[in-house]
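Summary of structural features
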Amino acid sequence: MQQQPTSRPQAFGLFRPHPLEEIPQTFSWFEEMRINHPVFHDENLPMPVWQVFRHTDVLTVMNDYSRFSSQAFGLSGGFFRDTLISKDPPDHRKLRNLVNQAFTPRAVARLSDRITQITQELLDQVREQGKMDVVADIAFPLPAKVIADMLGVPPEDWNIFRRWARIGDSELPQARQEAGRSMREEMFDYFSKLLEERRRAPREDLISALSVAEVDGERLSQKELVSFCTLLLAAGQETTKNLIANAIVCFTDHPDSMARLIRERVLMPTAIEEVLRYLPPVWFLFRLTRNDVELAGQTIPANQMVLAWTASANRDPAQFPDPDRFNIEREPNRHLAFGHGIHFCVGAPLARLEARIALPMMLEQLKNLQRVEGIPIIVNMGIVFVIRSLPITFQPY
C-alpha cells in the first residue's frame, strides 16, 4: 500500500475556484510528489485516478497510445466526446489530417493582419479609460473573433458564438457537463445548417472548405465535421484566452522582465514559451490504461484512469534548470503545455501567433500597466487553468 503524501494544498481541489495566491502551494505539492510519489493512486478524488508527476513519466503517458488510450476523454459523454482528442489511431489519423488542413503554417500566417486589426479595435475601446479587465476586454474576445472569422460565422450570429466560446468558464464539473450536452445539441444543429448553406453557396471560409473536404478520398460525415467545428472552437479559443491572461499575470509579477520585453520585443517569443511552461493554460490530461502498465515502479491495472500533470512536468528540475524561476530567455524550453506526440494541441500555432501579436501591442500601448491591488484574482482549477477576471490599470492614451 502506498504511503500517503504528507500534505495536500488547498489549491489542489479540482474543478473549484481558488485565489491565485494559493497556486504556489500546488507547485510545492508537485515537487513533493515528484520526489516521493511520482505515480500515486488517489482514492479520495470524486473519481479515483492514478496521478503522474515527473516529466519523463508524463511524456510516456502522453505518447504511448498503445498502453494509454485517449478514449478517457470520451467516457463522461462531455464536450470532447467524438472529437479527435478522444480518439486513438487509426481513427485519430483521419480526423487529424482534417485538422491539419485548417492549421497549416500558411493558413495560420494569413490571419496575422486580421489578428492585428481585431487587437487594435479592442485596445481602442479601452485606452482612454485607463483601466480594463484583461480577460473580458482582450483575452476572451480576440481568439473568439478570430475563430468565428476562420469558420465563417456570420456577424449577426456573434452573440450565439460568444456564449458557446465561454464553455471553459463553468465552475463545477456537473454544470459543465450539463452545459456541454445542451451546447452540443445547439452546435450540431447550427453547424449542420451552416455546412449545408456553404455547400450550396461556398465562400472563402473554413466552413466552405470543410463542406467539401476529403481525407484519403473519403468525405467526412456530418457528425465528424460538426465535432471538428466544436473542437476548433474549444482548442482555438480557450488556449489563447488563458495564455494571454496568464502572460499578463507573469509579466506584472515580474516587472523587470516586463520592462525588458517593452525595450526588447525580440524576446517576446521565448517569453511566451516561458509563460506556457511557468503558468500553463492546460494543467493535466486524462488517459485510460489498455492493460496492466508499470510506471515508475508502480503497477497500474488495466482500465484505470490516469491523470498526467503537465503543469508538474513543466516544473521538473530534471528537465528545467531552476524551474521555479521565470526566465524569459530560457532555452531550450521543452515544456508540455501544448501536449506532445500525435495529440499535440491543434490550436497551438494559432495561440502562439495571437499571443505574439497581441502581447507586444498591449505592452506598448498600455503604459505603466499594473494589476489592480486589493482585488483577488480567482482561477478555476481543472484541465484548463482559467483566470476568471484580471483587472488592470494603465496610463490613459
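This report concerns the structure included in the present document. For clarity, every value in this text was computed on a predicted model and none was experimentally measured.

With that out of the way, let us pick up the pairing of strand E11 (residues 305-309). The two faces of a sheet get side chains in turn, since along a regular strand they alternate between them. With five of five residues buried, E11 lies mostly within the body of the structure. Here E11 shows no split at all, with Met305, Leu307 and Trp309 on one side and Val306 and Ala308 on the other all buried. As paired strands, strand E3 (residues 49-52) and E11 are joined by three bridges and run parallel to one another. Among the inter-strand pairings, Gln51 is bridged to a residue of E11, identified as Leu307. Here strand E8 (residues 284-289) runs beside E11; their pairing, made up of five bridges, is antiparallel.

Judged by nonpolar contacts, the single largest core of 128 residues is most densely connected at Leu151, Phe161, Phe191, Phe251, Trp283, Leu359 and Met362. Sort the elements by how many residues they give to this core and helix H11 (residues 222-253) lands first, with 15 residues. Setting aside residues no more than four positions away along its own chain, Phe161 makes contact with Ala144, Ile147, Ala148, Leu151, Val153, Phe191 and Leu233.

The next point concerns the packing of helix H13 (residues 268-278) against helix H15 (residues 348-365). At a closest axis distance of 10 Å, the pairing of H13 and H15 adopts a crossing angle of 110°. In terms of their interaxial angle, H13 and H15 are classed as roughly perpendicular. Read as a crossing pair, H13 and H15 show a hand that is right-handed. Touching Met268, Pro269, Ile272, Glu273 and Leu276 of H13 are Arg352, Ala355, Arg356, Leu359, Pro360 and Leu363, all from H15. Tallied by class, the residues present in the contact of H13 with H15 amount to eight nonpolar, no polar and three charged.

Below, the discussion takes up the sheet that holds strand E1 (residues 16-19). Taken together, the three strands give an open sheet; going across it, the order is E1-E13-E14, and neighbouring strands pair in antiparallel fashion. Strands with a single pairing partner mark the edges of an open sheet, and in this sheet they are E1 and strand E14 (385-387). The sheet shows a mean angle of 30° between the axes of neighbouring strands, taken without regard to direction. Bridge count between E1 and strand E13 (residues 378-381): four bridges; the pairing is antiparallel. Bridging from a neighbouring strand, His18 pairs with Val379 of E13.

Here is what the cut-offs are and how they apply
Residues numbered from 1 in each chain as written. Predicted model: local features only at pLDDT ≥ 70, side-chain atom pairs only at ≥ 80, totals over all residues. Heavy atoms only, no water. Buried < 20%, exposed > 50% of the residue type's maximum accessible area, 1.4 Å probe, protein only. Helix = DSSP H or I, 4+ residues; strand = E, 2+ residues; numbered from the N terminus. Pairing = 2+ DSSP bridges. Core = buried A, V, L, I, M, F, W, Y, C linked by side-chain atoms within 4.5 Å. Contact = heavy atoms within 4.5 Å. Axes fitted to C-alpha atoms, helices over the stretch in contact; angles between N-to-C directions. Parallel < 35°, antiparallel > 145°, perpendicular 65-115°, else oblique. Left-handed = near helix turned anticlockwise from the far one by under 90°. Nonpolar A, V, L, I, M, F, W, Y, C, P; charged D, E, K, R; others polar.

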